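# Structure at a glance
Spelled out from the first residue to the last, the chains are:
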Amino acid sequence: MTHVRINNLTKAYSGVDAPAVADLDLDIPSGRLIALLGPSGCGKTTTLKMIAGLIRPTAGDITFDGDSIVRIPPEKRGAVMVFQNYLLFPYMSVGQNVGFGLKMAGVDPKTIDQRVKEMLNLVRLPDISDRRPKQLSGGQQQRVALARALITKPRVLLLDEPLSNLDAHLRDEMRELILSVQRDLGITTIFVTHDQEEAVLLADRIAMIFDGRLQQFASPDVFYRHPASERIARFLGGVNFLPGKRQGDTVETDVGSFRFAPGGEDERPPEDGLLTIRPEQIVLGQPTAENTVQGRVVSRIFVGTYTRYRLALGSHQIEAVRSADVAGDFAEGQDVPIGFPADRVWMVRPDQAA
Amino acid sequence: MTDVTVKELAPADRSAGKRATGKIVFYATVIFMCVVLVLPVIAFFINAFAFRWFYPQLIPDEWSLQAWQRLGLLPPPGQFSIENLFAQWASVPDVVRALGLSLWIGFLVTGVSIVIGMPAARALGMYSFRGKRLIEFIIITPTIVPPIAFSLGLNINFIRWDLALEAAGINLGLSGSVLGVSIVHLVPVMPYVVLTLSGVFANYNADFEAQARTLGAGPFRTFWHVTFPAILPGLFVACLFAFLVSWSQYLLTFLIGQGRVITLPILLFSAAGSGNNAVIAALSLIFIAPAVLILLVSSRYLSGESGAVGGFGRV
Amino acid sequence: MSWERWRIPLMLGPTVLIILVLFFGSLGFGFLQSLGFQPQLGNTELNFDAYISVMFSEEHSSRFWAGLLLTFWVAFASTFISAALAIAIALLLRRTFFGKRLAVFLFQLNLPIPHLVIAIGMILVFSQSGLLSRVAGELGLISSPREFPVLVRDSSGIGIILAYVWKEIAFFGIIVMAILQSLGEDYEAAAQSLGANRWQRFRYVTLPLIMPGLMSASIIVFAFTFGTYEVPRILGVRHPEMLPVMALDFFLNPDLNARAEGMALSIIIAVIVLILVLIYMYISARTIRRG
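What counts, and where the lines are drawn
Each chain carries its own residue numbering, running from 1 in the direction its sequence is written. Naming scheme: in the order in which they are written, chains are lettered from A and ligands are numbered from 1. Only residues with pLDDT of 70 or above have their local features reported here, since the model is predicted, and side-chain atom pairs are shown and tallied only from 80 upward, although totals for entire chains, interfaces and linings are computed over all residues. Where each domain starts and ends follows an automatic or database-derived domain assignment. Placing a C-beta atom from the backbone of each residue, one calls two residues in contact when those atoms lie within 7 Å. Residue polarity follows a fixed list, in which Ala, Val, Leu, Ile, Met, Phe, Trp, Tyr, Cys and Pro are nonpolar, Asp, Glu, Lys and Arg are charged, and the others, Gly among them, are polar. DSSP-based pairing: two strands are paired if at least 2 bridges between them are found. The way it works is that DSSP assigns letters per residue, a run of H or I at least four long becomes a helix, a run of E at least two long becomes a strand, and they are numbered from the N terminus. Axis geometry follows a simple rule: fit a line to the C-alpha atoms, using only the stretch in contact for helices, then measure angles between N-to-C directions, giving values from 0 to 180 degrees. What sets the label is the angle itself: under 35 degrees gives roughly parallel, over 145 gives roughly antiparallel, 65 to 115 gives roughly perpendicular, and the rest give oblique. Here the C-beta atoms are placed from the backbone, and a residue counts as buried if at least 20 other C-beta atoms lie within 10 Å of its own, exposed if 12 or fewer do, and partly exposed otherwise. Per-residue confidence from the predictor is reported as pLDDT, which spans 0 to 100.

### Side note on the domain arrangement of chain A
Residue and element names in this part refer to chain A. Along its sequence, chain A is organised into domain 1 (4-223) and domain 2 (231-348). Summarising the inter-unit geometry, the C-alpha centres of domain 1 and domain 2 are found 38 Å apart. Listed by partner, the interface residues are 6 residues for domain 1 and 4 residues for domain 2. The class makeup of the residues in the side of domain 1 that touches domain 2 is 3 nonpolar, 3 polar and no charged.

Structure, rendered in structure tokens:
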């Protein structure tokens, strides 16, 4: 159980103008599972490697339980990193791979054997100790890499894109494994991903990072319902943005005014911004509901389990998705009432570029 | 195991000082290593231009071009002029003759080995067929078996074949001729050409050629516009290595040339026994100049190109 | 019969023919001659006399065994020392630093320089009146050239080993650097994260990873140093004498009967090298099967 704090962490490379990581602050209570989420090149892996000690920060501090660790070499830090491509040593057996950390620590071979067995059981891969990494599937390699990291009982577990190299069906399995192991052992875990789905599936809280800067640090559902900016909303799959001005809990746009449910205390939507709603949250064809305006169907694509509509709303176009379970369909060119449920609408800060 | 000793860390100032010391040690090591490795080349330069270099002087008091004049590459002392220089070279001193011969044999061997080796490399790199392993074994073996093992037999074989051909009325004269020497240089050269080029062809997609043919290009234009540009970098490396391997052959040239084919290595080897260090050094510099040039040109193609790099093992 | 069927044989034909006739043909003929086959002298009966004479006769045996020992010593020492130094230097040059390109170039400088030239360079550097002796003189470590140790044309093959080390460091170096570059530093980072210190990372991660490539290169270097003529001819002494030099001495002897002995020696060299290569291939194939 280790409480990790990151204070003003900065990494700048000489000859590069923008720092890879800038003034990052994160407070990760012990035993939590945190995702660093962002597009590739946003500085999230750099951050992970700084925590592991593999990259030296330019400025700032990292503390484990209040003690600064930035001057401790990686091998003594107790922060073990599991790499995206697993990096199992190809010339060693699975058992030797898993026992590597204990061997480095000078533990006697007998204890190592026993602990290797325990660890392989923990990741649900008993009896493969003598195989070579090459003989394992990607999912198995991933689990061996996890066992290899956990055997040293690290204070902090660092995972680089833990699910991204796996097939869809293996992802679920791996996700459950990581969650159960992490809960059982209570290890503070930080993982990096570029995939919002991966972050949502695993993390207690997500730190969204763009251009080396922390954008928002919140739980997954808050991210979906109350993204802080247009960019975050877009990153999470948002496509509908209507410029508007907020007064209290009401947003005035040029297609009408919409009421929205206020968020938590620390979530203060901007006065001047963009109204956003996810396509699947839009209610079509219920003229009497709250926050409903008239639009017209521009195009309609039937995708099987759902239908995707492109709708004209004043001078704007928005997208709505309607599940096949819901009765009723709308033809191209048809006028249709478009409802924005108040607890699904949110106001975001527009991108600076926009 | 969880109690990592956080208190052990060194104070900031000390670790900064240690890092500075480490940097100095690092640079000192690198510089020492570079100097030691290039000592032979340094020695060549000093010896080739030294004059009356008495022990224990490290740097000679006097410099001169006497070694180069002795080799006939420069006009005698006090007579330097452009006309004299031309006249000197026009009289074809031994060194110039050997240099020309080495270049000529090198180019010939390179050209022939590429023309012969390219189809073989293509077959090995792009197709799988029965007996491929055996063919690869045959081609690779000369790179492992020491040249002395086959060159003695080859020496006798050439003499026998000459006699047999003479008896049949053909006076080819393989033994002791430039032709014969060039042919035997193919033995150490071919494996590297084929290895390098088959690596290139293994990564080459022949569908491009098929595409060109369907777009109306004939076989020759397909080769010229599609195949050739695609394999050019690898081809270039293969040429450089072929030349370099031929350029540095001593034993084969000595045994097959019968003392009648005097290339640079033959000249250098006989000079090595003369004890005139200045002349030896000057000859060595002439001998390594193209090799270093080749390194400069090819160094960016080298890393990872293992088939080609193996060629350096035989230089 | 279609052209397709003959395509691959025609593509391979000229190359294979050249190597079969010139290389294998000569190797085979040399072997025949080593068995006493000399039709021009009227000898067509085959026997092992030349081998027995070279290895066991009173006249040659002490020279042969001393030469064999020296050859093994030189080949092993050269291969091992140059491989070890090359690894150290390649690891050193892996960092990014000012002047790295120049350092790498100088590191590779001896690569294209022929062995013959390096051997001559060793005389100019290491002989008693050479560059190093002068450095020692200037530093006041020695007062006359005779006090400088005999490092070239010495009876224990030091000069020969020095030449090979100078040359093969560059050869091993380029191979090790290429492997290190393609591996990246991730495996070492992973090991470090798991608690491996600097030495443990080298011993348990870097070294095993470069080992396969290093072994292949070692075979090439060993075979080369075992069978090369020029370097020991220039830097060696008459006794003991490395086998390739001895082979050529016999071969060039005006007495045509000595020719069979020269051939026998050259075949012995080839057989030893081939046996070692086969042992290596057997071991590495077994390791791969196990893995």
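### A closer look at the sheet that holds strand β6 (residues 79-82) of chain A
Residues and elements named next belong to chain A. Read from one edge to the other, the open sheet built from 6 strands follows the order β6-β7-β8-β3-β9-β10, with strand pairing classed as mixed. The open sheet is flanked by β6 and β10 (213-218), the only strands paired with a single partner. Looking at each pair of strands side by side, their axes are set apart by 20° on average, direction ignored. Bridging between strand β3 (residues 33-37) and strand β8 (residues 188-193) involves 5 bridges; their strand directions are parallel. Bridging across to β8, L37 finds its partner in T193.

### Comments concerning the packing of helix α2 (residues 94-104) of chain A against helix α4 (residues 138-150) of chain A
Residue and element names in this part refer to chain A. Contact pair α2 / α4: the axes reach a minimum separation of 6 Å and the direction vectors enclose 30°. Between α2 and α4, the angle is such that the two are roughly parallel. Facing α2, whose interface residues are V94, N97, V98, F100 and G101, α4 presents V144, A147 and R148. Partitioning the contact of α2 with α4 into residue classes produces 5 nonpolar, 2 polar and 1 charged.

### Here's the deal with unusual backbone geometry
Geometrically, the link from C:H239 to C:P240 is a cis peptide bond, its omega value of 0° lying close to zero. Within the secondary structure, C:P240 sits in the loop between α10 (230-235) and α11 (243-252). Even without being glycine, A:R124 reaches a positive phi, approximately 60°. Residue position: A:R124 is located in the loop between α3 (109-122) and α4. Backbone geometry places A:E161, a non-glycine residue, at a positive phi of 45°. Here A:E161 is to be found in the loop between β7 (156-160) and α5 (168-185).

### Quick notes on the environment of B:L232
Along the chain, B:L232 falls in helix α10 (residues 219-247). Here B:L232 falls in the exposed class, since 11 other C-beta atoms lie within 10 Å of it.

### Some words on the confidence of the model for chain C
Low-pLDDT portions of the prediction should not be read for the details of their coordinates. This prediction gives chain C a mean pLDDT of 87; 98% of its residues lie at or above 70. Confidence estimates for the predicted assembly give a pTM of 0.84 and an ipTM of 0.85.

### Notes on the packing of helix α7 (residues 147-167) of chain B against helix α1 (residues 3-34) of chain C
The interhelical angle for the contact between α7(B) and α1(C), taken along N-to-C directions, is 85°, at an axis separation of 7 Å. Between α7(B) and α1(C), the angle falls in the class roughly perpendicular. Between α7(B) and α1(C), the contacting residues are B:A149, B:F150, B:L152, B:G153, B:L154, B:I156 and B:N157 on the first element and C:L22, C:F23, C:G25, C:S26, C:L27, C:F29, C:G30 and C:Q33 on the second. Per-class residue counts for the contact of α7(B) with α1(C) are 9 nonpolar, 6 polar and no charged.

### Considering the sheet that holds strand β16 (residues 292-302) of chain A
Residue and element names in this part refer to chain A. Here 5 strands make up an open sheet; going across it, the order is β15-β19-β16-β17-β18 and the pairing antiparallel. This sheet does not close on itself; its edge strands, each paired only once, are β15 (283-284) and β18 (316-323). Here β16 pairs with strand β19 (residues 335-339) via 5 bridges, running antiparallel. By the bridge assignment, Q294 is partnered in β19 with P337.

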